[in-house]
Amino acid sequence: MRSFNRPLFASLWALVVAAALAVILCWTTDRRPDTDLLALLPQDEMLTKGEAALQGQLAQTHQNALTVSVRLKKEDEKTLQRLQYEVNAWLEAHPDFKPVEMPSSGSDGWKTLEAAALGQMTFSDEAFLRKADFQALLSRALQKAASPLGGFIFSFTDDPLGTADAWVAERLSQWPIRMEHGVLLTEMDNETFALFFIRADNRAVMSQSRQVIEALGELKDTLKATFPDSDPVISGLALFAADAASKAQAELTLIGTLSVVGVAAIAWFWFGSLRALGLILLVSGQAFVIALATTVALLGEVHLITLVFGTTLIGITVDYSAHYLCARLGKAEPGVSTLKQLIPSLTLALASTVVGFVLMAVTPFPGLTQMAIFCASGVIAAYVAVLLWLPFLAPKTLPFPYRLKSFANFLMKFPAFGSWPRKGQVAIILLAGLFLIGGLSQVTLRTSLKELNAPDPDLLKGAESTAALLKSPSLSQYFLIHAPDFDSLLSQEETLSMAFRELQLPAVSLNLSSDWVMSDERGARVDALRHQACESINPALTDLLGAPLRCEPSPRSEACDQWEALKPLGILPPVAFTDQGVFALGLLSGLTAENVERIKGLENPSAGIHWCNYPQKVSELLALYCERILLLWSLAALCAVLVLTWRFKKNAWRAYLPCLLGTALTTAFFGWAGWGISLFTLMASILLLGLGLDYGIFMTANPRGNERSMAAVTFAALTTLLSFGLLAFSTTLTVCVS
């Protein structure tokens, strides 16, 4: 590249950086980084298309939901009104939170439920009608007729046998809640709790996570102060999301700031020049901007873990500017001449790093792909900036500080391994071999879901207590039902429901779509039973009551139409209609280690009924991808060895052996220390493969060694160590372990 073109190309690159900054600003106007660690996993391998759609429905229902529970010593009208006042006052002061409206008697939702109930029947009533004789049927009808209010909901005329009342009662029993003076109440362990259901604004949860947590803390403190010993608990996915976002944002700020400050301190010691310091920060800053903009532009999203992990980019990208600036120390030659000497080594170092990232990017693993794109684009941006900007911005020689020259000379005086006595070499090799064999043999893979995501214990405790209060179903272990059409799905669910009832587990409940809508076959059977029972007692009731019953069943609408009518209630189990058929979840509450195996035995894959253990599925997937990443790392290392052998011939081992040996020794240390290797540890090893090779490349490219090369490599190693070392203080387990 001719020198007179450099300002033009430097200006064009500045425009690219400005455009990247504009992309980031536009994206942040309506989007925020993702905080769900499971989003980093390949959903298409973890979930079928139908199961993914069902999980999406559950997430949409629960992602912004919050539940507030308050223990009550008294449940008189004055106490409940005061409690309602405090919650309403808090809601008015915080517009990002809205109360969830509950269906009440007379509301449209309640009318929809009543209309549906007249065509439904519980399995218990179906069994009763099938076996009951005339006297049993007449007794039940007379009991209904003698009720002062005519029944639970329906009149004797509409529901003479009480089957609709029983169906509504069974449906409502899924939520052990009653309403007193406008406040929802429930009981557990002989204590009464008030419940409030709230929805948080999703944008506030992600962009103002700290404020969301503080606002909820304010509500908790207010309720504690107003109602001593009330032990208010706030739980919900929105709180977990806000907590994760708040911690990640704080870590991103802290680790990023410390990285910048640390790099600046090392750079000042190294160069003692504000210009050199400014150039290093400029190259790293624009690399981060390009990395974020490229990730957003290509993928449309970025994960907070990618950003936290990406703070290491600061330590990586300074390598390129440091090599140029160190090569300029005490040299009077033009900057372009210095750059020409460095381009082969810089380019080979870039290639070794980017190849590793490319291998990461092509894997069907969203987390790997995202981090690879982020880091690769950042490293390339640093390389381009060094080529285009630094010779233009730093054309003059830099002074070679005496302290840096002395330090470099000190390091160069360390004896090379080849100069050691033969016995010493053999002893070191034997000790290293024993260390490697013993350590590597003890290395274990950590693939538990807990290793991927370890939320705050207090939040988990609150979620568990709320789940116990509401008898909430498990979202980690459930049945997945698949059928070609909706009516077939309902038939399969009815078969599952009957088998579940035969287990006789009163503490466990199974919630299915067929609880709300019958299949056509069962609907016809139930209508026939109801009609037969009504006709058998109609003459006797006519004599006793003076008026005949209307026994003809009402026309039954299609199952899909019934389902659509009930959907606005927002309480139905999720159902997904896809091009692969219809999928539904059978959600269970009351699962324990003692009963789960019996329930799991109801699985019947040939009938489209599958048992799903979500944590186990994630663990199996993590184990699979650990194996794949190990293979990927081996392939990357082999490629590096071949390329370096082609470039450096018989001296190639000097470039790759330090990196490979260092990785092996570190892994062995993990084994001796009893630390398992996780997926993210392996991801970090691929990242470090490229970095470690860079050091070997620069030292091998200058076999005689000099103070400038030693200073550059040491500077790069220290800044990288600083960036990665700071990750050890992260509270995010995946980042800390990496």
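Q: Whenever I open this one, the overall build of the protein chain confuses me. Can you help?
A: Of regular secondary structure, the protein chain possesses 30 helices and 13 strands. In terms of overall size, the protein chain is more extended than a compact globule, its C-alpha atoms giving a radius of gyration of 34 Å where 738 residues would be expected to give roughly 27 Å. The C-alpha extent of the protein chain, read off along each of the three principal axes, is 120 × 55 × 50 Å. The buried share of the protein chain, taken over its 738 residues, is 49%. Relative to all contacts within the protein chain whose residues are 6 or more apart in sequence, the contacts with residues 24 or more apart total 80%. Accessible area for the protein chain stands at about 34900 Å²; split by element, carbon and sulfur atoms hold 62% of it. Of the side-chain charges in the protein chain, 55 are positive and 64 negative, and the distance between the mean point of each set is 19 Å.

Q: Could you clarify how one ought to interpret unusual backbone geometry in this entry?
A: Backbone geometry follows two general trends: most residues other than glycine have a negative phi, and most peptide bonds adopt the trans configuration. Look at Asp231: it is not a glycine, yet its phi comes out positive at around 45°. For Asp231, the position within the fold is in the loop between helix 10 (209-226) and strand 6 (233-235). Positioned with a positive phi, Gln504 is a non-glycine residue whose angle comes to about 55°. By the element assignment, Gln504 lies in the loop between helix 22 (486-503) and strand 9 (509-511). Using a relative accessible area of 66% as the deciding quantity, one classes Gln504 as exposed.

Q: Looking at this structure, I do not really get the state of the cysteines. What am I missing?
A: Covalent bonding between the sulfur atoms of two cysteines defines a disulfide. Within this structure, the stated rule accounts for one disulfide. Between the sulfur of Cys534 and that of Cys551 lies a disulfide, 1.9 Å long from S to S. Taking the sign of the S-S torsion, -70° for the link of Cys534 and Cys551, the bridge is left-handed. Linking Cys534 in helix 23 (residues 520-545) with Cys551 in the loop between helix 23 and helix 24 (559-566), this pair joins segments that are 17 residues apart in sequence. Cys659 takes part in no disulfide bond, and the closest cysteine sulfur to it belongs to Cys639, at a distance of 14 Å. Among the residues examined, Cys659 registers a relative accessible area of 7% and is labelled buried.

Q: I'm lost on the packing of aromatic side chains in this one. Help?
A: Aromatic ring pairs are described here by two measures, namely the spacing of the ring centres and the angle between the planes. Applying the stated criterion across every chain, the model contains 14 aromatic pairs. Aromatic side chains Phe670 and Trp675 sit 5.4 Å apart centroid to centroid with 90° between the ring planes, which places their arrangement in the edge-to-face category. We classify Phe670 as buried; its relative accessible area is 14%. Members of the aromatic cluster, joined through ring pairs, are Phe269, Trp270, Phe271, Phe407 and Phe715. Just above the ring of Trp516 sits the side chain of Arg171; from NZ or CZ to the centre is 5.8 Å. Above the ring of Phe400, the side-chain terminus of Lys405 is found at 5.2 Å from the ring centroid.

Q: Help me understand the packing of helix 16 (residues 366-388) against helix 28 (residues 679-701), please; the structure alone is not making it clear to me.
A: For any two helices packed against each other, the geometry comes down to the angle between their axes and how far apart the axes lie. In contact at an axis separation of 12 Å, helix 16 and helix 28 are set at 30° when each is read in the N-to-C sense. Taken together, the axes of helix 16 and helix 28 lie roughly parallel to each other. Considering only the axes of helix 16 and helix 28, their crossing is right-handed. For the pair helix 16 and helix 28, the contacting residues are Gly367, Leu368, Met371 and Cys375 in the first and Phe680, Met683 and Leu687 in the second. Counted by class, the contact of helix 16 with helix 28 contains six nonpolar, one polar and no charged residues.

Q: How should the nonpolar core be read in this particular structure?
A: The tendency in soluble globular proteins is for nonpolar side chains to be buried as a group. Among the nonpolar cores identified, the biggest contains 122 residues, and Phe271, Leu644, Leu679 and Phe715 are the most heavily contacted of them. Among all residues touching Phe715, those that are not within four sequence positions of it are Ile266, Ala267, Trp270, Phe271, Ile280, Val318 and Ala322. In this structure, Val168, Leu503, Val582 and Trp611 belong to the second largest nonpolar core, which totals 37 residues.

Q: Quick question: what am I supposed to make of helix 28 here?
A: Along an α-helix, a turn takes 3.6 residues, which lines up residues three or four apart on a common side. Along its 23 residues, helix 28 runs 34 Å from first to last C-alpha, staying within 8% of the 33 Å computed at 1.5 Å per residue. Of all the bends in helix 28, the greatest, near 25°, is centred on Leu688.

Thresholds, definitions, all that
Residues numbered from 1 in each chain as written. Predicted model: local features only at pLDDT ≥ 70, side-chain atom pairs only at ≥ 80, totals over all residues. Heavy atoms only, no water. Helix = DSSP H or I, 4+ residues; strand = E, 2+ residues; numbered from the N terminus. Rg over C-alpha atoms; globule rule 2.2 N^0.38 Å. Buried < 20%, exposed > 50% of the residue type's maximum accessible area, 1.4 Å probe, protein only. Contact = heavy atoms within 4.5 Å. Areas by Shrake-Rupley, 256 points an atom, 1.4 Å probe, with all protein chains shown as cover. Lys, Arg positive; Asp, Glu negative; His and termini not counted. Charge placed at Lys NZ, Arg CZ, Asp CG, Glu CD. Disulfide = S-S within 2.5 Å. Phe/Tyr/Trp six-rings, centres within 6.5 Å; stacked < 30°, edge-to-face > 60°. Lys NZ or Arg CZ within 6 Å of the ring centre and 35° of its normal. Axes fitted to C-alpha atoms, helices over the stretch in contact; angles between N-to-C directions. Parallel < 35°, antiparallel > 145°, perpendicular 65-115°, else oblique. Left-handed = near helix turned anticlockwise from the far one by under 90°. Nonpolar A, V, L, I, M, F, W, Y, C, P; charged D, E, K, R; others polar. Core = buried A, V, L, I, M, F, W, Y, C linked by side-chain atoms within 4.5 Å. Expected span 1.5 Å × (residues − 1). Bend = angle between axes of the 7 residues up to and from the residue.

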